Amino acid sequence: DRVRKAGEALEAGGIAFAGSRGIQRVQVRADGGEWIEAECERPLSAYTWTRWRVVIPKMSASTVEARAMDGAGRW
């Protein structure tokens with residue numbers, strides 16, 4: 001492990017799941033800023049989670065939020 005200094009980029013990742021509706025996209029933001037589009041992996045099937053990752057540039061935030069859009073277009 002290394003200690004991240006203020007102003008350095010942060011790589012974040014997680015999983016999103018919406019049952020049979022699937023996941024269209026994932027977005028992440030820091031401290032209420034602009035939403036950044038995450039890179040999503042292709043799920044193994046229609047009934048599994050979707051893994052995602054994103055790099056947040058110049059991270060100095062204390063709060064990071066993620067949201068996922070399901071296959072029906074709902075956040």
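Just so it is clear, the model here is predicted, and its values are computed rather than measured.

Chemist: Would you take a moment to explain the overall build of the protein chain for this structure?
Modeler: Regarding its fold elements, the protein chain presents 0 helices and 6 strands. N-terminal to C-terminal, the α/β element order of the protein chain is β-β-β-β-β-β. Residue pairs in contact within the protein chain that sit at least 24 positions apart in sequence constitute 68% of those at least 6 positions apart. For the protein chain, the exposed surface amounts to about 5,400 Å²; the carbon and sulfur share of it is 49%.

Chemist: Looking at this structure, I do not really get the sheet that holds strand S3 (residues 36–37). What am I missing?
Modeler: Note on sheets: strands pair through backbone hydrogen bonds, and any given pair is parallel or antiparallel. Spatial strand order, S3-S2-S6: 3 strands in an open sheet with antiparallel pairing. Edge positions in the sheet fall to S3 and strand S6 (64–70), since each has one partner strand and no second. Two strands pair when backbone bridges link them, and strand S2 (residues 23–30) and S3 are joined in this way by 2 bridges, in the antiparallel orientation. Note on S3: the bridge partner recorded for Gln27 is Glu37.

Chemist: For this particular structure, what's the right way to read the environment of Glu34?
Modeler: Within the fold, Glu34 resides in the loop between S2 and S3. Among all residues touching Glu34, those that are not within four sequence positions of it are Val28 and Arg29.

Chemist: Before we go on, may I ask you to explain the packing of aromatic side chains in this structure?
Modeler: The way to describe two aromatic rings as a pair is by their centre distance and the angle between their planes. Counted according to the given criterion, the structure contains 0 aromatic pairs. The positively charged end of Arg67 is found above the aromatic ring belonging to Trp35, 4.1 Å away from the centroid. Above the plane of the ring of Trp75 lies Arg67, whose end atom (NZ or CZ) is 4.0 Å from the centre.

Chemist: Which parts of the structure should I look at to understand the nonpolar core?
Modeler: Grouped burial of nonpolar side chains is what soluble globular proteins tend to show. Counting residues in each nonpolar core, the largest one holds 8 residues, listed as Ala12, Ala16, Val26, Val28, Ala38, Trp52, Val54 and Ile56. Going through the elements one at a time, strand S1 (8–16), S2 and strand S5 (50–59) are the ones with two or more residues in this core. Per-element accounting of this core gives the leading share, 3 residues, to S5. Once you skip the residues sitting within four places of it in the chain, Ala12 turns out to touch Trp52, Arg53 and Val54.

Procedures and definitions
Residues numbered from 1 in each chain as written. Predicted model: local features only at pLDDT ≥ 70, side-chain atom pairs only at ≥ 80, totals over all residues. Heavy atoms only, no water. Helix = DSSP H or I, 4+ residues; strand = E, 2+ residues; numbered from the N terminus. Contact = heavy atoms within 4.5 Å. Areas by Shrake-Rupley, 256 points an atom, 1.4 Å probe, with all protein chains shown as cover. Pairing = 2+ DSSP bridges. Phe/Tyr/Trp six-rings, centres within 6.5 Å; stacked < 30°, edge-to-face > 60°. Lys NZ or Arg CZ within 6 Å of the ring centre and 35° of its normal. Core = buried A, V, L, I, M, F, W, Y, C linked by side-chain atoms within 4.5 Å. Buried < 20%, exposed > 50% of the residue type's maximum accessible area, 1.4 Å probe, protein only.

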